[in-house]
Amino acid sequence: MTLDLNQKSKRNQGNLFVVSGPSGVGKGTLVFAAVKALPDVALSVSATTRAPRPGEVDGVTYHFKSDAEFDELLGHGGLLEWAEVHGRRYGTLTSEVRTALDEGRDLILEIDPQGCEQIQRQLPEAFSIFIAPPSLAELRKRLEGRATEDADSIARRLETAEVEMRMQNRYNVVIVNDNQALATQELLAILARRRGEQAYTATEPGNDS
Ligand code: 5GP
């Protein structure tokens, strides 16, 4: 299913940001900090078939779905993109994106690189941000430090990360997450610049088609 954003006046249309990168790079933490600092930018709540972790709330962290419910969403075009990540399915609800953008609200999708590719194909106006680790060795250290993954799972994630790192030139910008505070500042600056540019474009004389 495609979301026809081009038919609408850009003046009222919210900005869509996609933040992606390898597993363990810290993109969730960066996005969380950015959304906290920018109350008028929302984070899209995805659907997933993975089980909730302690403290996660249905409808807030994710919309937790059974396999059958996820299939149903897929079947009626309820997902703008979806991917299998580490054996579980994750997808962006079309309704989340449509509602936010049509209401003129800016929205961030924090999704894996396979999902980002699908968004880039469907919505080329989406602004994509790749979060990269300083190196694969550092990413390995972080994954090992999490202590939630076994050795096999870490090896698989690193293999995937190697492939994903080669895709970073397809993004509008790359942030190297070497220092969390600095990377957050960089993300905030990128979001602010893009939002400013869009606001300027929308109010430029003769650009109100
Ligand atoms: P976690 O299970 O740790 O919350 O997330 C695992 C991975 O799934 C992360 O890389 C996250 O970015 C990705 N992810 C979360 N939601 C979505 C989504 O809606 N679509 C896609 N393609 N990936 C997602």
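Attention here is on the structure that accompanies the text. (Residues numbered from 1 in each chain as written. Predicted model: local features only at pLDDT ≥ 70, side-chain atom pairs only at ≥ 80, totals over all residues. Heavy atoms only, no water.)

What follows is about the pattern of salt bridges. One pass over the structure, following the stated rule, counts eleven salt bridges. Salt-bridge contacts for Arg157 lead to Glu149; the nearest nitrogen and oxygen are separated by 3.4 Å. Accessibility classification places Arg157 together with Glu149 in one group, the buried group. (Salt bridge = Lys/Arg side-chain N within 4 Å of Asp/Glu carboxyl O. Buried < 20%, exposed > 50% of the residue type's maximum accessible area, 1.4 Å probe, protein only.)

Before going further, it helps to spend a moment on the side chain of Asp106. Positionally, Asp106 belongs in strand S7 (residues 106-110). Asp106 gets classed as buried once you look at its relative accessible area, which sits at 8%. Among the polar contacts listed, one links the side chain of Asp106 to the side chain of Arg195, at a separation of 2.5 Å. Residue contacts for Asp106: discarding those within four places in its chain leaves Gly14, Asn15, Phe17, Asp40, Val41, Ala42 and Arg195. (Helix = DSSP H or I, 4+ residues; strand = E, 2+ residues; numbered from the N terminus. Polar contact = N/O pair within 3.5 Å; in protein donor to acceptor, adjacent residues only side chain to side chain. Contact = heavy atoms within 4.5 Å.)

What the rule picks out here adds up to five aromatic pairs. With 6.1 Å between their ring centres and 70° between their planes, Phe70 and Trp82 make a pair best called edge-to-face. Placement of the pair is Phe70 in helix H2 (residues 67-75) and Trp82 in strand S5 (residues 79-85), with a sequence separation of twelve residues. For Phe70, a relative accessible area of 0% puts it in the buried group. A residue is classified by how much of its surface remains accessible, and Trp82, at 32% relative accessible area, is partly exposed. An angle of 70° between the planes, with centres 5.0 Å apart, marks the rings of Phe130 and Tyr171 as edge-to-face. Taken together, the residues Phe130 in strand S8 (residues 127-132) and Tyr171 in the loop between helix H6 (151-165) and strand S9 (173-176) connect sequence positions 41 residues apart. (Phe/Tyr/Trp six-rings, centres within 6.5 Å; stacked < 30°, edge-to-face > 60°.)

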